[in-house]
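Residue-level structure breakdown
Given next are the chains, with one letter for each unit.
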Amino acid sequence: MARWLFILAFAGFSAALLRDSWQDWVVRTELPLLLAETSVEVRGQNDALLRVFPVEDGRQRLAVHLDDVDPQFIEMLVEFEDKRFWTHGGVDGRAVLRAGVQAAWNRRVISGGSTLSMQVARLLENTGTGRWSGKLRQMRVAWALEARLTKSEILTLYLQHAPYGGPVEGIRAGSLAWFGKEPKRLTPAQSALLIALPQAPETRRPDRHPLAAEAARNRVLARTNLGNPRGIIPSKMTPFPRLAPHLGDHLRALNPVAPIHRVTLNATLQSQLETLARWSVRDQAKGVSAAIFVADHQSGQILASVGSSAYSSANGALGFVDMTRAVRSPGSTLKPLIYGLAFDQGLAHPETVFNDAPTAFGRYVPRNFDGQFRGEITAREALQLSLNIPPVQLVDALGPHRLMAAMKRASATPKLPGNGAPGLAVALGGVGLTLQDLVQIFAGIAHGGQGPILTWNPQAETRKTKRFMSPRSAWYVGNILGGLAPPAGARQGRLAYKTGTSYGHRDAWAIGFDGQHVVGVWMGHPDGTPVPGAFGGDLAAPIMSETFGRIKPIFEPLAAPPSDALILSTARLPKPLQSFGNRRTQDEVNDLRVAFPPDGAVLAAGDVVPLKLRGGTAPFTVLVNDAAMITGLRGRETLLSSPGIGFSRISVVDATGQSQAVQIQLAN
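Treat the numbers as computed from the prediction; the structure is a model and nothing was measured.

Covered by surrounding structure in strand E18 (residues 637-641) are Thr 638 and Leu 640 only, the residues Glu 637, Leu 639 and Ser 641 on the alternate face being uncovered. Note: strand E15 (residues 608-614) against E18, 5 bridges, orientation antiparallel. Bridged to Pro 610 within E18 is Leu 639.

As structure tokens, this is what we get:
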């Protein structure tokens, strides 16, 4: 009896020692890297997939969780691949024994015996399946995985790494590639094909071996008892979306570690407008590109952003340049802002009469685009015809700095050449703005002079721009622009818009809005070379109209006039508003004038006093309190040393003897 007790005790001790050694062997297993890189995703409204960035070697591997997959797919996968997955410890002894007996009896492999855990080991280490050494390694890694991870985590690793042909890995990428949809809503036949593919992803590829793919799918359906197969075998892979690629690049550069970037873009609209941008340049010269930008000026959400007509360098169009963010001359598209500011300052009304005649502003002598002048014309007509003299007159009266400040208050970021001081040329496009800047300005005008700050971030708190125009003046501008004849091919409705062409035909613009949406279109060469004969009205306006047609079937009505709007004819306006007043014509170009400081000005005391001259013939002599301070002055702007607190007289004499004097007061 004692002998048997000793034998039993020794056997138990040996078994425990063997178990502890085995467990220690499993614990000491060096696991492959479990955290594999997954593709960065860009998602738009309703979680629509806009873009997938490939990982190493160009692979498409999307992050996945069990909740992302149809539960029936999980049931079918386990039933077909590993019936005892939820109960075994990584290796299914019964399956291994069966596979061994079948192989010995038939002298070839009949069934594999690999569990899902072993398949995960193979996928993580990228090892083959045929050698016994490989099988033993997979068994060891499978036991180690079971010791360290939950069953759900192991299953998730399989769903993450299973190959589906070509560069496609993981159930989400596979479902999108072969069926164009997420794996949350697969049919049984689709699930069966996606279960069969990872076992031989290249020899069962539906686009190359449809019969093999169909046979494999049917075997899965038969074993899982789902009856006759339904569904057509796909004949090709569905390309992964690459919508709004420029915005995707920008977001990834801003936050390289974010796995998902969520944006406000509408995937359907974005796709349609990218097609429209490609179509718009089909008959244009080599290298011409197009950009389209759409926003909801009620919510501030950016709905579409097309940076180029093609995201490539094909046809010399430099398609990788995002022209929604490129700084370009806005041409005449700033004129609505100029008129709105003038309306606010009481300088003009839509029915105020201007004299559109050759006019000089010092050495700056602007001309209309067509070289013609219309004489007396209302502000409404001048803006609709996009004449140049009236807006320059207004900026001369307002001051270029006021126009620059208004752009910044509207949340635009104007840039001056060489970061110099703004001049009157800003009125006609002598400043740098982006397409997004212009859409932002027009969104503010559409929203009554203080619109939302446009954003692509759906989680961003809605913020408004600073007020840059009164609701009354904004309505005046919208009413004037809404009176333009609709662009060629435009749908019927009320659309307020402005076109523009930069100097040298380098940029063609069209920006427009209705009661809810604002659209901006740019066309030209991304490198800034001219496009001979290009005009905003001919090139960009029809594309803007087509864009509105893709947003909705009819336009939302423009805003109603505010209660303080003066809807009067010229003759019924107050006298000061009936005519803008006399301005110097070219015949008076040599009249000397002190533009700043104005006569009677009270200025804060400081070290210097700015002096600005208009007209006259250089060189100039400047006298302060009848004593010469500067002689031989060639420029028309300078800084005078402060004459001290109190009243002073500044006199200027030009080379022809013309003189003008102003009196100022410096006060603390």
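Okay, back to it.
This brings us to the pattern of salt bridges. Summed over all chains, the structure comprises 24 salt bridges. Asp 283 is the salt-bridge partner of Arg 282, the closest N and O atoms lying 3.9 Å from each other. Across the pair Arg 325 and Asp 322 runs a salt bridge whose closest N-O atoms are separated by 3.4 Å. Arg 325 gets classed as partly exposed once you look at its relative accessible area, which sits at 31%. Residue Asp 322 is classed as buried on the basis of its relative accessible area of 14%. Among the charged side chains, a salt-bridge network with shared partners connects Glu 41, Arg 43, Asp 47, Arg 172, Glu 182 and Arg 262.

Let's shift gears to the confidence of the model for the protein. Model confidence for the protein is summarised by a mean pLDDT of 88, while 89% of its residues fall at 70 or above. Across residues 9-17, confidence stays below pLDDT 50; counting only partners more than four residues off in sequence or on other chains, it has 0 contacts. Within the model, pLDDT remains below 50 along residues 582-589, and this stretch shows 24 contacts once partners closer than five positions in the same chain are excluded.

This brings us to the sheet that holds strand E5 (residues 260-262). Pairing in this open sheet of 3 strands is mixed, and the strands run E2-E1-E5 from one edge to the other. Because the sheet does not close on itself, it has two edges, and the strands there are strand E2 (49-52) and E5. Across the sheet, the axes of successive neighbouring strands diverge by a mean angle of 15 degrees, strand direction being ignored. Relative to E2, strand E1 (residues 41-43) runs antiparallel, the two being bridged by 3 bridges. Within the sheet, the bridge partner assigned to Arg 43 lies in E2 and is Leu 49.

Below, the discussion takes up the sheet that holds E18. Here 3 strands make up an open sheet; going across it, the order is E13-E15-E18 and the pairing antiparallel. Two strands close off the open sheet at either side, each with one partner strand: strand E13 (593-596) and E18. If you compare each strand with its neighbour and ignore which way they point, the axes differ by 40 degrees on average.

To continue, consider the environment of Leu 145. Within the secondary structure, Leu 145 is located in helix H5 (residues 132-148). The class for Leu 145 is buried, based on a relative accessible area of 0%. Distance in space between the C-alpha atoms of Leu 145 and Val 120 is 9.0 Å, their sequence separation being 25 residues. Setting aside chain neighbours within four positions, we find Leu 145 in contact with Leu 31, Leu 34, Ser 117, Val 120, Ala 121 and Ile 154.

Now for the packing of helix H2 (residues 71-81) against helix H8 (residues 188-196). Packing of H2 against H8 leaves a shortest axis separation of 10 Å and a crossing angle of 45 degrees. One element, H2, and the other, H8, form an angle in the oblique class. Considering only the axes of H2 and H8, their crossing is right-handed. Side by side, H2 and H8 meet where Gln 72, Phe 73, Met 76, Leu 77, Phe 80 and Glu 81 of the first sit next to Pro 188, Ser 191, Ala 192, Leu 194 and Ile 195 of the second.

Counted under the stated rule, the structure contains 7 aromatic pairs. For the ring pair Phe 85 and Trp 86, a centre distance of 4.9 Å and an interplane angle of 70 degrees mean the geometry is edge-to-face. A cation over a ring is seen here: Lys 151 above Phe 85, with NZ or CZ 4.6 Å from the ring centre. Directly above the aromatic system of Phe 53 lies the positively charged group of Arg 252, at a separation of 4.6 Å from the ring centroid.

As a further point, take the packing of helix H7 (residues 171-179) against H8. Relative orientation of the contacting elements H7 and H8 amounts to 120 degrees, with a least axis distance of 11 Å. Of the possible angle classes, the one that applies to H7 and H8 is oblique. Crossing of H7 against H8: the hand is right-handed. Together, Ile 171, Gly 174, Ser 175, Trp 178 and Phe 179 of H7 and Gln 190, Leu 193 and Leu 194 of H8 make up the contact between the two elements.

Here the focus is H8. For H8, the buried fraction is high: 8 of the 9 residues fall into the buried class. Packing partners of the buried residues in H8 comprise H2, H7 and helix H9 (210-223).

On to the environment of Met 523, then. Looking at the element boundaries, Met 523 is found in strand E12 (residues 517-524). Through-space distance from the C-alpha of Met 523 to that of Phe 535 is 9.3 Å; in sequence the pair is 12 residues apart. Residues within four places of Met 523 in sequence aside, it is in contact with Ser 280, Val 281, Gln 284, Val 288, Ser 289, Ala 290, Arg 506, Asp 507, Ala 508, Leu 539, Ala 540 and Ile 543.

Moving on: the side chain of Ser 280. Secondary-structure assignment places Ser 280 in helix H11 (residues 267-280). Among the polar contacts made by the side chain of Ser 280, one reaches the main-chain carbonyl oxygen of Ala 277 at a distance of 2.7 Å. The residues contacting Ser 280, other than those within four sequence positions of it, are Ala 290, Met 523 and Ile 543.

Within the fold, Ser 289 resides in strand E6 (residues 289-296). Classification of Ser 289 as buried rests on a relative accessible area of 1%. With near-sequence residues (within four places) excluded, Ser 289 lies in contact with Val 281, Ser 308, Ser 309, Ala 317, Trp 522, Met 523, Gly 524 and Pro 526.

Rules and cut-offs
- Throughout this document, residue positions are counted from 1 along each chain, in the order its sequence is written.
- With the structure being a predicted model, the display of local features is reserved for residues of pLDDT at least 70 and the display and counting of side-chain atom pairs for 80 or more, all residues being used for whole-chain, interface and lining totals.
- The basis for the side-chain values is all heavy atoms of the structure; hydrogens and waters are excluded.
- Relative accessible area decides the class of each residue, using a 1.4 Å probe on protein chains only: under 20% of the type maximum gives buried, over 50% gives exposed, and in between gives partly exposed.
- Note on conventions: DSSP H or I runs of at least 4 residues are helices, E runs of at least 2 residues are strands, and numbering of each starts at the N terminus.
- For two strands to be treated as a pair, DSSP must find no fewer than two bridges joining them.
- What makes a salt bridge here is a side-chain nitrogen of Lys or Arg within 4 Å of a carboxyl oxygen of Asp or Glu, nothing more.
- Known as pLDDT, the predictor's per-residue confidence is scaled from 0 to 100.
- For this analysis, residues touch if any pair of their heavy atoms sits within 4.5 Å.
- Where helices are involved, their axes are fitted lines through C-alpha atoms of the stretch in contact, as for all axes, and angles between N-to-C directions lie from 0 to 180°.
- In these notes the angle categories are as follows: under 35 degrees is roughly parallel, over 145 is roughly antiparallel, 65 to 115 is roughly perpendicular, and the rest is oblique.
- Left-handed describes a crossing in which the near helix is turned anticlockwise from the far one by less than a right angle; the clockwise case is right-handed.
- Ring pairs are drawn from Phe, Tyr and Trp, using the six-membered ring of Trp, whenever the two centres fall within 6.5 Å, and their geometry is named by plane angle: stacked under 30 degrees, edge-to-face over 60, tilted for the rest.
- The criterion for a charge sitting over a ring is simple: Lys NZ or Arg CZ within 6 Å of the ring centre, and within 35 degrees of the ring normal.
- As used in this structure description, the phrase polar contact means that two N or O atoms lie within 3.5 Å; if the pair is within protein, one of them must be able to donate a hydrogen and the other to accept it, and residues adjacent in sequence are counted only when both atoms belong to side chains.

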